[in-house]
Amino acid sequence: MSGSGWRTIGASVRGASHVRRNQPNQDALLLGEGAAAVADGHGSATCFRSDIGAAIAVDVATVVMLEETVPPGPVLAERWRTRVEEHMAAHPDPDRELTLRAYGSTALAVRVTGDELRCLQIGDGDILLVDGSGAVTRQFCRNEILGVETESLCMRDAAAAVHYAATPVANTELVMLSTDGYANSFRDDEGFRRVASDLLAMIREDGLDTVAASLPLWLAEASGLGSGDDITVALLVREPVQEPEPEHPQEADGDA
Amino acid sequence: MRRPGGELASRPLHFIWLCDCSGSMQTDGKIQSLNNAIKEAVPHMAKAADENPNAQVFVRAIRFSDGAHWHVADPTPVDGFRWADLAAGGMTDLGKAVAMVTEQLRIPPMTDRALPPVLVLVSDGQPTDDYKAAIRELLATPWGKRSVRIAIAIGEDADHEALKTFIANPEIPVLQANNSEALVGYIRWASTVVLKAASAPASQLRAASAGNVPVPAPPASSAASDDVW
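Residues numbered from 1 in each chain as written. Chains lettered and ligands numbered in written order. Predicted model: local features only at pLDDT ≥ 70, side-chain atom pairs only at ≥ 80, totals over all residues. Heavy atoms only, no water.

On to the overall build of chain B. Within chain B, the regular secondary structure consists of 6 helices and 7 strands. N-terminal to C-terminal, the α/β element order of chain B is β-α-β-β-α-β-α-α-β-α-β-α-β. In terms of overall dimensions, chain B is globule-like: its C-alpha atoms have a radius of gyration of 17 Å, near the 17 Å expected for 229 residues. In chain B, which comprises 229 residues, the proportion classed as buried is 56%. Considering only intrachain contacts with a sequence separation of at least 6, the fraction spanning at least 24 residues in chain B is 77%. Approximately 9,000 Å² of chain B is accessible, and the part contributed by carbon and sulfur atoms is 51%. A gap of 11 Å separates the mean positions of the 21 positive and 25 negative side-chain charges of chain B. (Helix = DSSP H or I, 4+ residues; strand = E, 2+ residues; numbered from the N terminus. Rg over C-alpha atoms; globule rule 2.2 N^0.38 Å. Buried < 20%, exposed > 50% of the residue type's maximum accessible area, 1.4 Å probe, protein only. Contact = heavy atoms within 4.5 Å. Areas by Shrake-Rupley, 256 points an atom, 1.4 Å probe, with all protein chains shown as cover. Lys, Arg positive; Asp, Glu negative; His and termini not counted. Charge placed at Lys NZ, Arg CZ, Asp CG, Glu CD.)

The next subject is the sheet that holds strand β6 (residues 175–177) of chain B. Residue and element names in this part refer to chain B. The strand order across the open sheet formed by 6 strands is β3-β2-β1-β4-β5-β6, and the pairing between neighbours is mixed. The sheet is open, and its two edges are formed by β3 (67–77) and β6, each paired on a single side. With direction set aside, neighbouring strand axes in the sheet form an average angle of 15°. Where strand β2 (residues 55–65) lies against β3, 7 bridges are found, and the strand directions are antiparallel. (Pairing = 2+ DSSP bridges. Axes fitted to C-alpha atoms, helices over the stretch in contact; angles between N-to-C directions.)

Our focus in this paragraph is the interface of chain B and chain A. Contact residues are listed per partner, giving 33 residues for chain B and 45 residues for chain A. Summed over both sides, the interface of chain B with chain A buries roughly 3,300 Å², with 55% coming from carbon and sulfur. Among the residues of chain B in contact with chain A, Met1, Leu205 and Arg206 of chain B are the three that bury the most area, contributing 22% of the side total. Here chain B and chain A share 3 salt bridges between them. Between Asp198 of chain A and Arg2 of chain B there is a salt bridge, with the nearest N and O atoms lying 3.5 Å from each other. For the pair chain B and chain A, the number of links is 14 residue pairs in polar contact (both at pLDDT 80 or more). When residues of the side of chain B that touches chain A are traced back to their parent elements, those giving at least two are α4 (142–146) and β7 (204–205) of chain B. The biggest single contributor to the side of chain B that touches chain A is α4 of chain B, with 3 residues. In the side of chain B that touches chain A, the residues fall into 16 nonpolar, 8 polar and 9 charged. Bridge count between strand β9 (residues 149–150) of chain A and β7 of chain B: 2 bridges; the pairing is parallel. Bridging from a neighbouring strand, Thr150 of chain A pairs with Leu205 of chain B of β7 of chain B. (Buried area = accessible area lost by both parts, 1.4 Å probe. Salt bridge = Lys/Arg side-chain N within 4 Å of Asp/Glu carboxyl O. Polar contact = N/O pair within 3.5 Å; in protein donor to acceptor, adjacent residues only side chain to side chain. Nonpolar A, V, L, I, M, F, W, Y, C, P; charged D, E, K, R; others polar.)

Another point: the side chain of Ser65 of chain B. All names here are of chain B. In this fold, Ser65 is placed in strand β2. With relative accessibility at 11%, the residue Ser65 sits in the buried group. A polar contact is formed between the side chain of Ser65 and the backbone oxygen of Gly89, at a distance of 3.4 Å. The residues touching Ser65, leaving out its near neighbours within four places in the chain, are Cys21, Ser22, Gly89, Gly90, Met91, Thr92 and Asp93.

Our next topic: the environment of Ser10 of chain B. Examined against the element boundaries, Ser10 of chain B turns out to sit in the segment before β1 (11–20). Sequence separation of Ser10 of chain B and Thr165 of chain B is 155 residues, and the distance between their C-alpha atoms is 32 Å. The contacts of Ser10 of chain B, once residues within four sequence positions are left out, are Leu225 and Gly226 of chain A together with Pro53, Asn54, Ala55, Gln56 and Arg113 of chain B.

With that out of the way, let us pick up the sheet that holds strand β4 (residues 35–40) of chain A. All names here are of chain A. On the basis of which strands lie adjacent, the open sheet formed by 5 strands has the order β3-β4-β5-β6-β10 and antiparallel pairing. The strands lining the two open edges of the sheet, one partner per strand, are β3 (27–32) and β10 (163–168). Averaged over all adjacent pairs, the angle separating strand axes in this sheet is 10°, with direction ignored. Looking at chain direction, strand β5 (residues 107–113) and strand β6 (residues 116–122) are connected through 7 bridges and run antiparallel. Following the sheet pairing, Arg111 is matched in β6 by Arg118.

Residue and element names in this part refer to chain B. Along the polypeptide, Asp50 turns up in helix α1 (residues 30–50). By relative accessible area, Asp50 is classed as exposed at 62%. Separated by 29 residues in sequence, Asp50 and Asp79 place their C-alpha atoms 8.7 Å apart.

This paragraph deals with the pairing of β5 of chain A. All names here are of chain A. Counting buried positions along β5 gives 6 out of 7 residues, so the element sits mostly inside the fold. Pairing between β4 and β5: 4 bridges, direction antiparallel. Of the residues in β5, the one forming a bridge with Ala36 is Val110. From the end of β5 to the start of β6, which pair antiparallel, there are 2 residues, and Gly114 there has a positive phi angle of about 55°.

A cis amide bond links Val70 of chain A with the next residue in sequence, Pro71 of chain A, at an omega value of -10°. Here Pro71 of chain A lies in the loop between α2 (50–67) and α3 (73–90). Between Ile107 of chain B and the following residue, Pro108 of chain B, the backbone shows a cis peptide bond with an omega angle of -15°. Relative to the assigned elements, Pro108 of chain B resides in the loop between α2 (94–104) and β4 (118–123). Despite not being glycine, Asn22 of chain A shows a phi value in the positive range, around 55°. As for its placement among the helices and strands, Asn22 of chain A is situated in the loop between α1 (16–20) and β3. You will see that Glu68 of chain A, though not glycine, has its phi angle at about 65°, which is positive. Within the fold, Glu68 of chain A resides in the loop between α2 and α3.

Enumeration over the complete set of coordinates arrives at 5 aromatic pairs over all chains. Pairing Phe15 of chain B with Trp17 of chain B gives two aromatic rings, centres 5.0 Å apart and planes at 65°, and the pair type is edge-to-face. Summarising the burial analysis for this pair, Phe15 of chain B and Trp17 of chain B share the class buried. Ring pairs connect the aromatic residues Tyr182, Phe186 and Phe192 of chain A, which therefore count as one cluster. The side chain of Arg96 of chain A reaches across the aromatic face of Phe48 of chain A, ending 3.8 Å from its centre. (Phe/Tyr/Trp six-rings, centres within 6.5 Å; stacked < 30°, edge-to-face > 60°. Lys NZ or Arg CZ within 6 Å of the ring centre and 35° of its normal.)

Taken by themselves, the reported measurements are silent on function.
Written out as structure tokens, the structure reads:
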């Protein structure tokens, strides 16, 4: 998808362990013009409609980012709850109790408008920014999340758990959103962060369409050899793709 | 086209046995029953681990009596884990064993991408050191708090309150083994069913429950007429 000076691509793959257990992909992905959202449904026995919760999450998150409400947390949480309750009413289950938790999901969303980059996140997953030199920064540090824990849109205090940042785009060339199955597939965080800088280099060398075509295969390989979890990735890439910035500025030649 | 990023790897899952080797474990064949039960469980543990290649299971063991010592100190891949028999004699320094586990659950050496560790405590008696302080310290650490803790009581003299304090999760009962068959069953359950649950857990809401991983129900205990402990 193209527009607003940024192109968006993405892919979502069912996790290797979900394939073994005959479970569906519980992640969701939505790409828009200068915007993208990913979400990870919790997938536990009590979260048996979390694939639907994730689909609602990416939809609502994208709309909230378009509306530019600040802070977005309360609106995001409330609209997700409303959409889930509508789904519950339209699709009752005679055998199981339907609660918000059955639809539990994370949500990550990014939108670029003009000179501003807006990001929101509730729950696990990552938003990485890559600048022209290939340096990678993580938008939100989540040191308190460990193991298989996450915050969720289904929590009573979900609004307060939403992280939000609006920052200058500056020299950001690529933004990568991913569900936690991706980071959990790498031996260490440095190896995961390299994904973002490698992707920018690959896009510069081979073009965005080539990278887009290979993305599903890479994610499936990561799940198979790594976490086994569903993996979803969205990329926002500035157009036109810039040549890499030099790492060290050239010194001017002095006069003899 | 080469894949982006660094080396891919499955997630580590650390499984640690905490074994009571106090003097009372010498009576009625208890220590040998424990040795046999763990030895029997090892191939089943490896098979359970094989069913989820996305988790790499590492096994260790601590023995405690007078003080506590590593019985298997290095995190050992489950398919290479071999059990050497424990001997019994001395006091019941559970607290020291828990303190040693706590040190291993700090970051580092743990990483933040690990799966919740599984700790299985097997004991027949009353702790003789300050185990409560040690357990408080364990539960105050990020991975200690998120570990799956199981306790198996061998015989009627085991201190259930101490074991419940270790489990620190009202959803998980103390498992009472009054004969070797029951002990084998619980050891097998902890090292296969619980292991599987910890190795492929779904996301859990923060502070949703005392535990980080839902633990399936343990097997029913065997008939009372077989009780010898």
